[in-house]
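# Observations on the model geometry
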Amino acid sequence: MPRKGDLPGAVLFACTMNSVRSPMAEAILRHLAGRRVHVESAGVRAGGSDPFAAAVMDEIGIDIAGHKPNTLQELHDTSFDLIVTLSPEAHHQALELTRTMAVEVEYWPTFDATMLIGHASREQILHAYRGVRDQLFRRIKRRFGFEGGPSV
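Here the structure is a predicted model, which is why all the values come from computation and not from measurement.

## Quick look at the overall build of the protein
Assigned secondary structure in the protein consists of four helices and four strands. Seen in sequence order, the protein has helices and strands lined up from the N terminus as β-α-β-α-β-α-β-α. Expected size for 152 residues packed as a compact globule is a radius of gyration near 15 Å; at 15 Å, the protein falls within 12% of this value. Counting only C-alpha atoms and orienting by the principal axes, one finds that the protein spans roughly 45 × 35 × 25 Å. Taken across its 152 residues, the protein has 47% of its residues classed as buried. Within the protein, residue pairs in contact and separated by at least 24 positions form 70% of the contacts whose partners lie at least 6 positions apart. For the protein, the centre of its 17 positive side-chain charges and the centre of its 18 negative side-chain charges are spaced 5 Å apart.

## Some details on unusual backbone geometry
One non-glycine residue, Asn18, adopts positive backbone phi at about 55°. The residue Asn18 is located in the loop between strand S1 (10-15) and helix H1 (21-33) in this model. Residue Asn18 is classed as buried on the basis of its relative accessible area of 0%.

## Things to note about the packing of H1 against helix H4 (residues 122-144)
As a packed pair, H1 and H4 sit with axes 10 Å apart at the nearest point and diverge in direction by 45°. Here H1 is positioned oblique relative to H4, judged by the angle of their axes. For H1 against H4, the interelement crossing comes out right-handed. Contacts between H1 and H4 pair Arg21, Met24, Ala25, Ile28, Leu29 and Leu32 from the former with Tyr129, Val132, Arg133, Leu136, Phe137, Ile140, Lys141 and Phe144 from the latter.

## What to know about the pairing of S1
In terms of residue burial, S1 counts as a mostly covered element, since six of its six residues are buried. Side-chain alternation along S1 places Ala10, Leu12 and Ala14 on one buried face and Val11, Phe13 and Cys15 on a second face that is also buried. Of the pairings in the sheet, the one linking S1 to strand S2 (residues 38-43) comprises six bridges and is parallel in character. Considered in S2, the bridge of Cys15 is made with Gly43. Each parallel crossover has a hand, and for S1 linked through H1 to S2 it is right-handed. Here four bridges tie S1 to strand S3 (residues 82-85), and the two strands are oriented parallel to one another. Each bridged residue has a counterpart across the sheet, and for Ala14 the counterpart in S3 is Thr85.

The rules we used
- As a convention, each chain's residues are numbered from 1 in the sequence order in which they are written.
- Per-residue local features are limited, in this predicted model, to residues with pLDDT of at least 70; the limit for side-chain atom pairs, both in listing and counting, is 80 or more; totals at the level of whole chains, interfaces and linings are taken over all residues.
- Side-chain figures throughout are based on the complete set of non-hydrogen atoms in the structure, without hydrogens or water.
- Only DSSP runs of H or I with at least four residues qualify as helices, and only runs of E with at least two residues qualify as strands; both kinds are numbered from the N terminus onward.
- Within these notes, the globule rule equals 2.2 Å times the number of residues to the 0.38 power, and the radius of gyration is based on C-alpha atoms.
- Here the term buried applies to any residue with accessible area under 20% of the maximum for its type, exposed to any over 50%, and partly exposed to those in between, with areas from a 1.4 Å probe on protein chains only.
- For this analysis, residues touch if any pair of their heavy atoms sits within 4.5 Å.
- This count recognises Lys and Arg as positive and Asp and Glu as negative, with His and chain-terminal groups excluded.
- One atom stands in for each charge, and that atom is NZ of Lys, CZ of Arg, CG of Asp or CD of Glu.
- Axis angles are defined between N-to-C directions and span 0 to 180 degrees, where every axis is a line fitted to C-alpha atoms and, for a helix, only to the segment in contact.
- Angle categories are assigned with fixed cut-offs, so that under 35 degrees is roughly parallel, over 145 is roughly antiparallel, 65 to 115 is roughly perpendicular, and the rest are oblique.
- Left-handed describes a crossing in which the near helix is turned anticlockwise from the far one by less than a right angle; the clockwise case is right-handed.
- Paired strands, as defined in this entry, are two strands with at least two bridges between them according to DSSP.
- By definition, the crossover connecting two strands over a helix is right-handed if that path, from the first strand to the second, turns clockwise as seen with the strands pointing away from the viewer.

Structure follows, in structure tokens:
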């Protein structure tokens, strides 16, 4: 088991549609680690870009507006040291990958804020997305040893 603060060479963040949680996590780790870690994200199913995710990330100075969602099957390189799954579906798929490759998998259950779309006000939706962003930011800082530095 890796120790807190160990920086793996390559990390994949995976969720259901690669529209909100995993692109946020990818961008946050890339922002904190720079070129020290290769970071990608993918989903179990094809998704679309999410304007709420882009808006809340822009609030902290991280641009994901150009993110193009992709699926686990579309990954060109699968030589990751660590896969962090953010949804039950993604966790199941990542565990399937461990049958054919040696990779560490960590499950970080993360709320799916898209469930509020169509059922809440714009401000309530943005509040939920900010909660997801902030939870991921704190968890990434703690897991990869970026405790000093900026916070949200």
